[in-house]
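Close look at the chain arrangement
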Amino acid sequence: MAGPAAEGTMRGGATTPLFRPGRLGGEEAGPLYLRLQSLIRAGIAEGRLRTNDALPAERELAVQLGVSRVTVRKALRGLVDEGVLRQRHGSGTYVGRPAERIRQPLSRLTSFTEDMTASGHVPGTRWLDRSSGPATAEEAELLGIAPGAAVTRLTRLRLVDGDPVAIERAIVPATAIPDAAKVGTSLYDALAGAGMQPVRAVQRLAAVSLGESEARLLEAAPGSAAVAIERIAYLPDGSVVECTRSHYRGDACDFVAELSLSPNGAGTEAGPASPTHQKSQG
Ligand code: GLP
């Protein structure tokens, strides 16, 4: 979890304070409370203030910036209403999780890096495991290879603007990625570099709740809602190039699919109807 930034100082040990006299600019920059809101938004955009960081107390902020408490209160209240900040009763004001969920298209074969970059966010990766070894029976079955054939395993915490949003466990045949250490931020970039870009994938989503270790990594409460995604991706020749199982924080993403009426009538491409559907049809 992000630590407190009570002094409004830069992360990483640098000491330029975010909140100090003169930071709000001159009168031409508009009303003071709006300027303070802009300063806080800029601090968040630049990563100087991050989700769950505590802001200095109202009184302190007023002193640091040389403005009245009324101005500070008005600015903070506006940002709380927008969801940019959160106020916890009795304990202060914190940077909220971005209200905007990250859009993940379900109808196009894109990578995490592409999705995040396309929506104006900065993707990041923290490696949890990068290894190669013989495929277990389950891995071999998922990838459609012989048990014991070499596979590369990539387990990553995926970050958006520095905040953890997903844990992804990928296995790929070692024929595609022989050396896990060669994968940088993007698995799909590494696959494309090896001439092994997937062209088709089958993806399943399910609602789950987070276990303790996953919750810790995702900075969420144990038992909180998450979306489990399994993607099996294929090369043009039909062989499997990736099997990834992911857990996304339930509050992080919007999964968006475009639906259109089939020209030949409904349901021609759908698989078997769900049990609920069958039931409702009697
Ligand atoms: C998404 C998919 C994963 C895929 C990943 C690749 O997150 N759910 O199945 O492995 O994108 O993303 P990147 O190229 O950023 O590693």
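Above this text is the structure in question.
By nearness alone, 14 residues border the ligand, and Thr113, Glu168, Ser186, Leu187 and Glu242 come closest of all. Between the ligand and Phe112 there is a distance of 2.9 Å, counted from an oxygen atom to a backbone nitrogen or oxygen. Relative to its unbound accessible surface of 400 Å², the ligand loses 99% to contact with the protein. When contributions to the shell around the ligand are tallied by element, the ones reaching two or more residues are α4 (112-118), β5 (150-160), α6 (187-193) and β9 (240-249). Looking at the shell around the ligand, the element that brings in the most residues is β9, giving 3 residues. Looking at the shell around the ligand residue by residue, the classes come out as 4 nonpolar, 5 polar and 5 charged.

Let us now look at the pattern of salt bridges. Tallied over the full model, the rule gives 10 salt bridges. For Glu138, the salt bridge identified is with Arg245, shortest N-O distance 3.1 Å. With Glu138 in helix α5 (residues 137-143) and Arg245 in strand β9, this pair connects stretches of sequence that are 107 residues apart. When salt bridges that share partners are traced, they join Glu58, Arg69 and Arg73 into one network.

What follows concerns the pairing of β5. Among the 11 residues of β5, 10 are classified as buried, and the element is accordingly described as predominantly covered. Bridge count between strand β4 (residues 123-134) and β5: 11 bridges; the pairing is antiparallel. Bridging from a neighbouring strand, Gly124 pairs with Leu159 of β5. As defined by bridge partners, β5 adjoins strand β6 (residues 163-173) across 10 bridges and the pair is classed as antiparallel. Within β6, the position partnered with Leu154 by the bridge is Ala170. Connecting the antiparallel pair β5 and β6 is a turn made up of 2 residues, with Asp161 showing a positive phi of about 50 degrees.

Cut-offs and rules
- Residues numbered from 1 in each chain as written.
- Predicted model: local features only at pLDDT ≥ 70, side-chain atom pairs only at ≥ 80, totals over all residues.
- Heavy atoms only, no water.
- Near = heavy atom within 4 Å.
- Polar contact = N/O pair within 3.5 Å; in protein donor to acceptor, adjacent residues only side chain to side chain.
- Areas by Shrake-Rupley, 256 points an atom, 1.4 Å probe, with all protein chains shown as cover.
- Helix = DSSP H or I, 4+ residues; strand = E, 2+ residues; numbered from the N terminus.
- Nonpolar A, V, L, I, M, F, W, Y, C, P; charged D, E, K, R; others polar.
- Salt bridge = Lys/Arg side-chain N within 4 Å of Asp/Glu carboxyl O.
- Buried < 20%, exposed > 50% of the residue type's maximum accessible area, 1.4 Å probe, protein only.
- Pairing = 2+ DSSP bridges.

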